[in-house]
Amino acid sequence: MMDHDLTPEAAVDRLKTLHAEAAGGLKSCLERYFDTRQPPSDAERRSFCYPELRVEYRAAGIQPRIARAYAKFQGPGTYATTVTHPDHFSRYLVDQLRYLVKDYGAVISVARSEQEIPYPYVLEHGDDLGRNGVTAAELALHFPTPRLAHVGDEIADGLWENKPGQPLPLALFDAVRVDYSLKRLQHYTGTNWRAVQPWILLTNYHRYVDQFVKWGLEQIAGDSPYASLLLPGGGKITRGMGAAEAEAIISGSQWHRFQMPAYHLTRDDGQGVTLVNIGVGPSNAKNITDHLAVLRPHCWLMVGHCGGLRQSQRIGDYVLAHGYLRQDRILDSLVPPEIPIPALAEVQVALQSAAAHVTGERGEALKERLRTGTVVTNDDRNWELRWSQELRRINLSRAIAVDMESGTIAAQGYRLRVPYGTLLCVSDKPLHGEIKLPGAANAFYDRAVGEHLLIGLETIEQLRGNVGQLHSRKLRSFDEPPFR
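Attention here is on the structure that accompanies the text. No experiment lies behind these values; they were computed from the predicted model shown.

### What to know about the overall build of the protein
Now for step 1: Helix and strand counts for the protein stand at 14 helices and 15 strands.
Now for step 2: On C-alpha atoms alone, the protein measures out to a radius of gyration of 24 Å, which is about the 23 Å that the 2.2 N^0.38 rule sets for 484 residues.
Now for step 3: Going through the 484 residues of the protein one by one, you find that 55% of them count as buried.
Now for step 4: Partitioning the contacts of the protein with sequence separation of at least 6, the portion at a separation of at least 24 is 82%.

Here it is, written out as C-alpha cells:
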C-alpha cells in the first residue's frame with residue numbers, strides 16, 4: 001500500500017516504520033529458525049523488503065533555476081529509491097526532501113518495495129551464524145541472501161539505463177548497495193558504521209593516529225564541542241573520564257586486527273571528525289572510499305606523506321594538490337585518466353588558510369613551505385627503479401610530488417560526488433638523494449606529523465560553516481539524481 005502526498009517529515013517517519021517492520025520480522029524469523037528450523041511462510045517472506053521512497057515532479061511552466069548543486073530535478077518525472085536505516089539517515093533525507101518540495105512542489109510517496117533485505121544485514125555482528133549448527137547454505141534456502149548481481153554503481157558511473165515505465169533514480173545508491181557497504185565498513189575499520197562522522201581525514205601512516213588520539217583527548221578534557229572518542233574494537237572515551245581509565249582503553253584497543261582502523265571524534269551536533277588509517281596503495285584508497293561514500297559525508301581529505309620532486313623542497317614541507325597525474329590504474333575503466341579531476345575552490349582555500357593559521361606563516365614565508373601543483377599517484381611503490389621510463393611523464397606533468405593514494409581518493413570523490421582535497425607532507429626527496437631512511441624518517445615524523453594533522457583538522461573547522469557551497473556543481477552530471 002502506497003502512502004501518498006506526505007510531508008518530508010511524515011515520509012521519513014513512514015520509512016522508519018516500514019524498515020523496522022521488515023528488518024524486525026526478518027530477524028524474528030531468523031531467530032525462530034535458529035531455534036526450531038521452522039522456515040518463514042510465504043507471507044512472512046514477502047514482508048522482508050526495504051521501503052521505497054518516491055518523489056514526483058510535475059512541471060508547471062519553466063523549471064526553476066536553482067544555484068544549489070543538489071536536491072534538484074533534471075526534468076519532470078517520477079524518481080525512486082529504496083532506503084535502509086532511515087533512522088540514521090533521517091536528517092539527510094528530510095533535508096533533501098524539503099528542498100524538493102519547497103522549490104519544485106514535489107509529491108512524496110512511501111511504500112514497501114520488492115527489493116528483499118538480505119538476511120546478513122539484520123545481524124548486527126554476524127555472531128548468530130553457525131548457531132545450533134545452522135549453516136549459511138541452509139539459510140540461503142529460506143531467506144534472502146546478498147547477490148552481487150543486485151549490487152552496483154551503475155547510477156554513479158552513468159551506466160544506468162532508463163526503461164519505459166520505470167522511475168528515474170532518486171539517489172546514487174539504493175538500499176542494498178548501502179547495506180553492503182555498511183557491513184564492509186565495520187569489517188575494515190573495526191568500528192560500527194554509525195560512528196563514522198561527516199568530516200573524514202584519510203591518512204597512510206599510523207603516527208597520524210597517535211596524534212589524532214592525543215588531540216582528541218585534549219578536546220574531550222577541555223572546553224570544546226567534542227564529546228567522545230570511539231576506537232577500533234569498540235573502545236569509547238567520554239568527557240569526564242579519568243586519564244588512567246582513558247589510557248587503559250587506548251592501550252587495550254585491538255586496532256591492529258583491522259585492515260583500515262578508524263577513529264571517531266564525535267560532537268553532540270553530529271558534525272564530528274573521523275580519521276581512517278587506510279594504509280598504503282590505491283587499492284585500499286578505492287576500497288574504503290567506495291564504502292564511505294554511501295554515508296554521504298560532507299568531505300574527505302587526504303593528509304599523508306609524499307616524495308618531493310623539486311630541489312627547492314625540504315623534508316617537512318607541504319604539498320597542496322591542484323591536479324593529479326593518475327597512474328594508480330585502479331579507476332581507469334570507471335574514470336579514465338584523460339578525465340580531469342578538478343580542484344574544488346572551497347577546499348583549496350580552506351587548506352591554504354588552515355596551513356597559514358597553524359604554522360603562523362604568511363606570504364612568502366608560507367610559500368616557501370607550501371607548494372601547489374600536480375601530484376603523481378603511482379601504483380608501484382618502487383617506481384624509482386624505472387626512473388628512465390618515468391622521467392618524461394613527470395617532466396610533462398610538472399609534478400611536484402609523488403604518492404600512492406591521493407589521486408585515487410580525489411578521483412573517487414569526483415566519481416561518487418564527495419568533496420575532496422589533498423595536503424601532503426614531504427617525507428623524502430627520491431630524485432635528489434634524500435631517500436627515506438629509518439633515522440631521517442623518524443626525525444621527520446617527530447617534527448611534522450602533529451602540525452600536519454592540525455592543519456587537516458583546522459581545514460574541517462573552516463569548511464563546517466560553508467557546507468552549501470562545498471557541495472560543488474563541479475561534481476554533478478547533466479542527468480544527476482536529485483539527492484546529494
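### Looking at the sheet that holds strand β3 (residues 77-82)
Now for step 1: Strands sit in the order β1-β4-β2-β3-β5 across an open sheet of 5 strands; the sheet is mixed. The sheet is open, and its two borders are formed by β1 (3-6) and β5 (168-169), each paired with just one other strand.
Now for step 2: Across 2 bridges, β1 lies against strand β4 (residues 107-116) in antiparallel orientation. Its bridge partner lying in β4, Leu6 is registered against Ile108.

### Topic: the pairing of strand β14 (residues 399-403)
Now for step 1: Taken across its 5 residues, β14 has 5 buried, putting it largely inside the fold.
Now for step 2: Note: strand β11 (residues 299-308) against β14, 2 bridges, orientation antiparallel. By the bridge assignment, Gly308 is partnered in β14 with Ala401.
Now for step 3: Where strand β13 (residues 370-378) and β14 come together, 4 bridges link them in parallel fashion. The partner of Thr377 across the bridge, within β14, is Asp403.

### A look at the nonpolar core
Now for step 1: The biggest cluster of nonpolar side chains holds 112 residues, and the ones touching the most others in it are Leu53, Leu201, Leu202, Phe212, Trp300 and Phe483.
Now for step 2: With 7 residues, helix α13 (residues 438-463) is the single largest residue contributor to this core.
Now for step 3: In this view, Phe483 contacts Leu53, Tyr92, Leu93, Gln96, Leu97, Leu100, Leu170 and Ala171; residues no more than four positions away in its chain are not counted.
Now for step 4: Membership of the second largest hydrophobic core comes to 20 residues, among which are Ala23, Leu26, Cys29 and Phe48.

### Some points on the pattern of salt bridges
Now for step 1: By the definition in use, this model includes 26 salt bridges.
Now for step 2: Note that Glu9 and Arg98 form a salt bridge whose closest N and O atoms lie 2.7 Å from each other. Residue Glu9 is located in helix α1 (residues 8-36), and its partner Arg98 is located in helix α3 (residues 90-104); the two are separated by 89 residues in the primary sequence.
Now for step 3: The exposure class of Arg98 is partly exposed, given its relative accessible area of 44%.
Now for step 4: The residue Glu52 makes a salt bridge to Arg54 at a minimum N-O spacing of 2.7 Å.
Now for step 5: A relative accessible area of 17% places Glu52 in the buried class.
Now for step 6: Residue classification places Arg54 among the partly exposed positions, given a relative accessible area of 27%.
Now for step 7: Overlapping salt bridges bring together Asp153, Asp157, Arg177, Lys286, Asp290 and Arg415 as one network.

### Here we look at the pairing of β3
Now for step 1: In this sheet, β3 lies alongside strand β2 (residues 49-57) in antiparallel orientation, the contact comprising 6 bridges. Pairing of Glu56 across the sheet is with Thr78, part of β3.
Now for step 2: Bridge analysis of β3 against β5 gives 2 bridges, and the strand direction is parallel. Its bridge partner lying in β5, Ala80 is registered against Pro169.

### Comments concerning the side chain of Thr289
Now for step 1: By secondary structure assignment, the location of Thr289 is in helix α8 (residues 282-292).
Now for step 2: A polar atom in the side chain of Thr289 sits 3.2 Å from the backbone oxygen of Lys286.
Now for step 3: Here Thr289 is in contact with Leu202, Trp300, Gln412 and Leu416, once residues within four sequence places are set aside.

### Points about the packing of aromatic side chains
Now for step 1: Counted under the stated rule, the structure contains 11 aromatic pairs.
Now for step 2: Ring geometry for Tyr33 and Phe143: centres 5.8 Å apart, planes at 80°, overall edge-to-face. Taken together, the positions of Tyr33 in helix α1 and Phe143 in the loop between α4 (136-139) and β5 put the pair 110 residues apart, joining distant regions of the chain. Accessibility assignment for this pair places Tyr33 and Phe143 in one class, buried.
Now for step 3: Each ring, one from Trp383 and one from Trp387, has its centre 6.4 Å from the other, and the planes form 65°; the classification is edge-to-face.
Now for step 4: Here a set of aromatic residues connected by ring pairs shows up, and it is made of Tyr57, Phe73, Tyr79 and Tyr104.
Now for step 5: It is Arg68 that lies over the ring of Tyr99; its NZ or CZ is 4.0 Å from the centre.
Now for step 6: Just above the ring of Tyr226 sits the side chain of Arg267; from NZ or CZ to the centre is 5.6 Å.

### Some words on the environment of Thr266
Now for step 1: Considering the arrangement of structural elements, one finds Thr266 in strand β9 (residues 262-267).
Now for step 2: If near-sequence neighbours (up to four positions away) are discounted, Thr266 is found in contact with Gln197, Pro225, Tyr226, Ala227, Ser228, Leu230 and Gly272.
Now for step 3: Side-chain polar atoms of Thr266 contact the side chain of Ser228, separated by 2.5 Å.

How each quantity is defined
- Residues numbered from 1 in each chain as written.
- Predicted model: local features only at pLDDT ≥ 70, side-chain atom pairs only at ≥ 80, totals over all residues.
- Heavy atoms only, no water.
- Helix = DSSP H or I, 4+ residues; strand = E, 2+ residues; numbered from the N terminus.
- Rg over C-alpha atoms; globule rule 2.2 N^0.38 Å.
- Buried < 20%, exposed > 50% of the residue type's maximum accessible area, 1.4 Å probe, protein only.
- Contact = heavy atoms within 4.5 Å.
- Pairing = 2+ DSSP bridges.
- Core = buried A, V, L, I, M, F, W, Y, C linked by side-chain atoms within 4.5 Å.
- Salt bridge = Lys/Arg side-chain N within 4 Å of Asp/Glu carboxyl O.
- Polar contact = N/O pair within 3.5 Å; in protein donor to acceptor, adjacent residues only side chain to side chain.
- Phe/Tyr/Trp six-rings, centres within 6.5 Å; stacked < 30°, edge-to-face > 60°.
- Lys NZ or Arg CZ within 6 Å of the ring centre and 35° of its normal.

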